[in-house]
Amino acid sequence: MSMQTAPLNAAGLRRDERLERLTLFGLSSPAILLILVVLVIPVGWLFYVSFIGANGQFSLENYERMISRRSYLRIFITTFQVSLLTTGLCILIGYPFAYFMSQLPSRLANLCLITVLLPFWTSLLVRTYAWLVLLQKQGLINNWAISLGLWDEPLKIVHNMTGTLIGMVHIMLPFLILPVYGAMKAIDRDCLKAAANLGASPRVAFWTVFFPLTAPGLFAGALMVFILCLGFFVTPAVLGGGKVIMVSMQIVSNIELFVNWGAASALGVVLLILTVAILWVASRFLNLDRMTGGGH
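About the thresholds
- Residues numbered from 1 in each chain as written.
- Predicted model: local features only at pLDDT ≥ 70, side-chain atom pairs only at ≥ 80, totals over all residues.
- Heavy atoms only, no water.
- Helix = DSSP H or I, 4+ residues; strand = E, 2+ residues; numbered from the N terminus.
- Rg over C-alpha atoms; globule rule 2.2 N^0.38 Å.
- Buried < 20%, exposed > 50% of the residue type's maximum accessible area, 1.4 Å probe, protein only.
- Contact = heavy atoms within 4.5 Å.
- Core = buried A, V, L, I, M, F, W, Y, C linked by side-chain atoms within 4.5 Å.
- Axes fitted to C-alpha atoms, helices over the stretch in contact; angles between N-to-C directions.
- Parallel < 35°, antiparallel > 145°, perpendicular 65-115°, else oblique.
- Left-handed = near helix turned anticlockwise from the far one by under 90°.
- Nonpolar A, V, L, I, M, F, W, Y, C, P; charged D, E, K, R; others polar.
- Patch = residues over 30% accessible without salt bridge, like charges linked within 9 Å, V, L, I, M, F, W, Y side chains within 5 Å.
- Areas by Shrake-Rupley, 256 points an atom, 1.4 Å probe, with all protein chains shown as cover.
- Salt bridge = Lys/Arg side-chain N within 4 Å of Asp/Glu carboxyl O.
- Phe/Tyr/Trp six-rings, centres within 6.5 Å; stacked < 30°, edge-to-face > 60°.
- pLDDT = per-residue confidence, 0-100.
- Disulfide = S-S within 2.5 Å.

Can you help me understand the overall build of the protein chain in this one?
Across its full length, the protein chain holds 13 helices and zero strands. Reading the protein chain from its N terminus to its C terminus gives the helix and strand order α-α-α-α-α-α-α-α-α-α-α-α-α. Here the C-alpha radius of gyration of the protein chain, 26 Å, is well above what a compact globule of 296 residues would show, namely 19 Å. Along the three orthogonal principal directions, the C-alpha set of the protein chain runs to about 100 × 75 × 35 Å. Expressed as a percentage of its 296 residues, the buried residues of the protein chain come to 34%. In the protein chain, the proportion of contacts linking residues at least 24 apart, taken out of those at least 6 apart, comes to 70%.

In this structure, what is going on with the nonpolar core? I would like to understand it.
Here is a general trend for soluble globular proteins: nonpolar side chains tend to be buried in one another's company. Counting residues in each nonpolar core, the largest one holds 31 residues, and the members touching the most others are Cys90, Tyr95, Leu176 and Val180. Those elements giving two or more residues to this core turn out to be α3 (70–102), α4 (106–117), α7 (161–185) and α9 (202–230). With residues near it in sequence (within four places) discarded, Leu176 still touches Cys90, Ile91, Gly94, Tyr95, Leu218, Gly221, Ala222 and Val225. In this structure, Met66, Leu230, Val247 and Val269 belong to the second largest nonpolar core, which totals 14 residues.

Would you mind showing me how to read the packing of α4 against α7 here?
Helix packing geometry: the angle between the two helix axes and the distance between the axes. It is at 10 Å that the axes of α4 and α7 come closest, and there the two elements cross at 150 degrees. Taken as axis vectors, α4 and α7 run roughly antiparallel relative to one another. For the crossing formed where α4 meets α7, the hand is left-handed. Where α4 abuts α7, its residues Ala109, Leu113, Val116 and Leu117 lie against Pro174, Ile177, Leu178 and Tyr181. Per-class residue counts for the contact of α4 with α7 are eight nonpolar, no polar and no charged.

What exactly am I supposed to notice about a nonpolar patch on the surface here?
The grouping of Leu33, Leu34, Ile35, Leu36, Val37, Val38, Leu39, Val40 and Ile41 at the surface amounts to a nonpolar patch, some 830 Å² of accessible area in total. Secondary-structure assignment places Leu34 in helix α1 (residues 2–50). Given a relative accessible area of 53%, Leu34 falls into the exposed group.

Would you explain the packing of helix α5 (residues 124–135) against α7 in this entry?
At a closest axis distance of 10 Å, the pairing of α5 and α7 adopts a crossing angle of 140 degrees. Accordingly, the angle class assigned to the pair α5 and α7 is oblique. For the pair α5 and α7, the sense of crossing is right-handed. In contact with Leu124, Arg127, Thr128, Trp131 and Leu135 of α5, α7 contributes Gly163, Ile166, Gly167, His170 and Ile171.

I'm lost on the packing of aromatic side chains in this one. Help?
The geometry of two aromatic rings is summed up by the distance between their centres and the angle between their planes. For the structure on display, the rule yields twelve aromatic pairs. Between the aromatic rings of Tyr99 and Phe210, the centroid separation amounts to 5.3 Å while the plane-to-plane angle is 85 degrees, which identifies the pairing as edge-to-face. Taken as a pair, Tyr99 in helix α3 and Phe210 in helix α9 lie far apart in primary sequence, 111 residues in all. The class of Tyr99 is partly exposed, set by a relative accessible area of 33%. According to the relative accessible area criterion, Phe210 is buried, its value standing at 1%. Residues Phe206 and Trp207 carry aromatic rings whose centres are separated by 5.1 Å and whose planes lie at 90 degrees to one another, so their mutual orientation is edge-to-face.

Is there a simple way to think about the confidence of the model for the protein chain in this case?
On average, residues of the protein chain score 86 in pLDDT, and 93% of them reach the 70 mark or higher. At the low end of the mean pLDDT range in the protein chain sits helix α13 (residues 288–291), at 52; at the high end sits α3, at 93. Confidence over residues 292–296 falls short of pLDDT 50; this stretch has three contacts with residues more than four positions distant or in other chains.

Which parts of the structure should I look at to understand the side chain of Thr214?
Mapped onto the fold, Thr214 is located in helix α9. Not counting chain neighbours up to four residues away, the residues in contact with Thr214 comprise Tyr95, Ala183, Met184 and Ile187.

In this structure, what is going on with unusual backbone geometry? I would like to understand it.
Among all residues except glycine, the phi angle is most often negative; among peptide bonds, the trans geometry is most common. At His159, a residue that is not glycine, the phi angle is positive and equals roughly 60 degrees. Among the residues examined, His159 registers a relative accessible area of 34% and is labelled partly exposed.

Sorry, what's going on with the side chain of Ser265 here?
With respect to the helices and strands, the residue Ser265 is situated in helix α12 (residues 261–285). In this view, Ser265 contacts Leu46, Val49 and Ser50; residues no more than four positions away in its chain are not counted.

What is the right way to read the state of the cysteines from this model?
Here, disulfide denotes a covalent bond that connects the sulfur atoms of two cysteines. Tallied over the entire structure, the rule returns zero disulfides. Free cysteine Cys112: the closest other cysteine sulfur is in Cys90, separated by 18 Å. Its relative accessible area of 16% is what places Cys112 among the buried residues. Its sulfur unpaired, Cys229 is 6.6 Å from the next cysteine sulfur, which belongs to Cys90. Here Cys229 falls in the buried class, since its relative accessible area comes to 0%.

Printed below as a string of structure tokens:
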């Protein structure tokens, strides 16, 4: 009897498995369709257009132009330079501030957290132009500094790399503070007490216990800031004054000034490939699962 029912049971299990797969596919199909429409098709179109030359035929001229012209190399160097400097400054400012927040009582820490989130309630364009008002030669910072005798003539702190970094650090800082603060609040304070009981000074306990436990949050925040900076447009365009040209700005110029969709698409493809490569390297060497809380 069991020999006869075994094939029937196996067939029933296979039927239930197929039904379950079809059900899961039906439930996930709206999300798959959304990803296809919003991500896959536009990126595919971007790749396709990047291989179309000026004569409308398949060509590699858009990529050859990037290799032959040194101006494109300078643009990519500037983009990575601005991204690295912004990330470094965010770490120098954000990590101590997150540590300060983590040591405060809950009510004061929540107030500080609100101040970190407050810039998100204001438009990015408004914040950028606010910095332009503050940093220009006749702006508030120069006027106050001259009136206080800190310097005699207005300093040029806008329409250059300095102004660009100030604006980008201000905008990107919350993206580093939030994951670092979350990592710090998740630390069991008994670990620090145990280090102290074992004879570790506060400095030794910080560097041997506290900092390693917050490193995943720090790496995650730094990676997020760096990746976002690679494609930034508004702030360097306004505060850079055309002197700090990043890849996103060159893409806009290729479309608006030269109406060259192929060249713009090729730049977008190269930037996308570089971004994916950075994420792949980070996943290989920095353990992204642990950084994002997916691993144990």
